[in-house]
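The chain contents come next:
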Amino acid sequence: MSSKVPPIILNNGVEMPQLGFGVWQVPDDEAETAVATALQAGYRSIDTAAVYGNEEGTGRAIAACGLPREELFVTTKLWNSDQGYDSTLRAFDASMEKLGLDYLDLYLIHWPRPAEGQYVDTYKAFEKLHADGRIRAIGVSNFLPEHLRRLMDETSVIPAVNQIELHPHLQQHASREFHAAQGIATEAWSPLGQGKGLLEVPAIVAIAQKHGRTPAQIVLRWHVQLGNIVIPKSVTPSRIKENIEVFDFELDTEDLAAISALNEDRRLGPDPAVFS
Ligand code: NAD
């Protein structure tokens, strides 16, 4: 594991780097270069998904990087149309084939799709794959506390991680508190708010100037100090490097309070209660 990035200890003892590299919207033929750049910059955790269509490119970068497999932490996600027990087992094999891996570090149910009512069966297949030693940790994404409660009532392995949309404009207090109480790690997707307006917010720009850092580094550092796992995405080498350099400075209580005041409960992505 990179010495720069501290681990988060998941509820089953597995160590996951607190900062990783997200590859949503990176075309398959660019994923190999982007992931290779990230690995060279010191990232050891990669977040992909079946629906991103870049598991093969990601796998090529992993195969070529020369790092021992155990130093890497690879996450992929089961897509909505593959939910269900048998279809999950098949989808997992297909993802592993594309990634070229013989075990996975973290597998996530991408969305709960509560109206379809399949996430419990899907998760039971995750439990089997975990028991068989094919996945080191299993978890979910975009689950609301009510979905997690049902899952925990009807299955036996508490999810290690819930990956949710989380950034200064959507701070997710209720989910974060629920996860902390249950021992579930909170992983932030779109941690930079997709880079658009958020990185120009005057309060963030002012904190960046105060610390001689970039707005992206300030936002990522805010996540780190809250204890979130983060997976910023970029295909620009200088930004890939900049985004991992957040472990050598600290925000003070005033900075943290100024960023916490930016919450607007505003989603960029779909509402998990209805998205399917
Ligand atoms: P992000 O918040 O990481 O923002 C990425 C964008 O911000 C880049 O495309 C770029 O435009 C900009 N950016 C990145 N670094 C920058 C820098 N240093 N300075 C200025 N601008 C910068 O958004 P994301 O890609 O949506 O989220 C990160 C990862 O989260 C994804 O790649 C994916 O792995 C994961 N994700 C998961 C879900 C889910 O449903 N589970 C949904 C969306 C994303």
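These lines cover the structure that appears in this document, whether it is placed above or below. (Residues numbered from 1 in each chain as written. Predicted model: local features only at pLDDT ≥ 70, side-chain atom pairs only at ≥ 80, totals over all residues. Heavy atoms only, no water.)

Here we come to the site of the ligand. Every one of the 27 residues lining the ligand counts as a neighbour, but D47, S141, Q163, S190 and L192 are closest to it. Between an oxygen atom of the ligand and a main-chain N or O atom of P191, the distance comes to 3.3 Å. In the model, an oxygen atom of the ligand is placed 3.0 Å from a nitrogen or oxygen of the Q194 main chain. For the ligand, the accessible surface in isolation is 840 Å², of which the surrounding protein chains cover 88%. (Near = heavy atom within 4 Å. Polar contact = N/O pair within 3.5 Å; in protein donor to acceptor, adjacent residues only side chain to side chain. Areas by Shrake-Rupley, 256 points an atom, 1.4 Å probe, with all protein chains shown as cover.)

Right, let's get into the pairing of strand β7 (residues 135-141). When you tally the buried positions in β7, you get six out of seven residues, the bulk of the element. As defined by bridge partners, strand β6 (residues 104-109) adjoins β7 across five bridges and the pair is classed as parallel. Along β7, the bridge assignment pairs Y107 with I138. Since β6 and β7 lie parallel, the crossover through helix α4 (residues 119-131) that links them has a hand, and here it is right-handed. Between the parallel pair β7 and strand β8 (residues 161-165), the chain is carried across by helix α5 (residues 145-154), and the sense of this crossover is right-handed. (Buried < 20%, exposed > 50% of the residue type's maximum accessible area, 1.4 Å probe, protein only. Helix = DSSP H or I, 4+ residues; strand = E, 2+ residues; numbered from the N terminus. Pairing = 2+ DSSP bridges. Right-handed = clockwise from strand over helix to strand, strands pointing away.)

Let us now look at unusual backbone geometry. Backbone geometry at R113 places phi at a positive 45 degrees, although glycine is not the residue there. Along the chain, the position of R113 falls in the loop between β6 and α4. You can call R113 buried: its relative accessible area is 11%. In this structure, Q172 is a non-glycine residue whose phi angle is positive, near 55 degrees.

In short, shape yes, function no, at least from these values alone.
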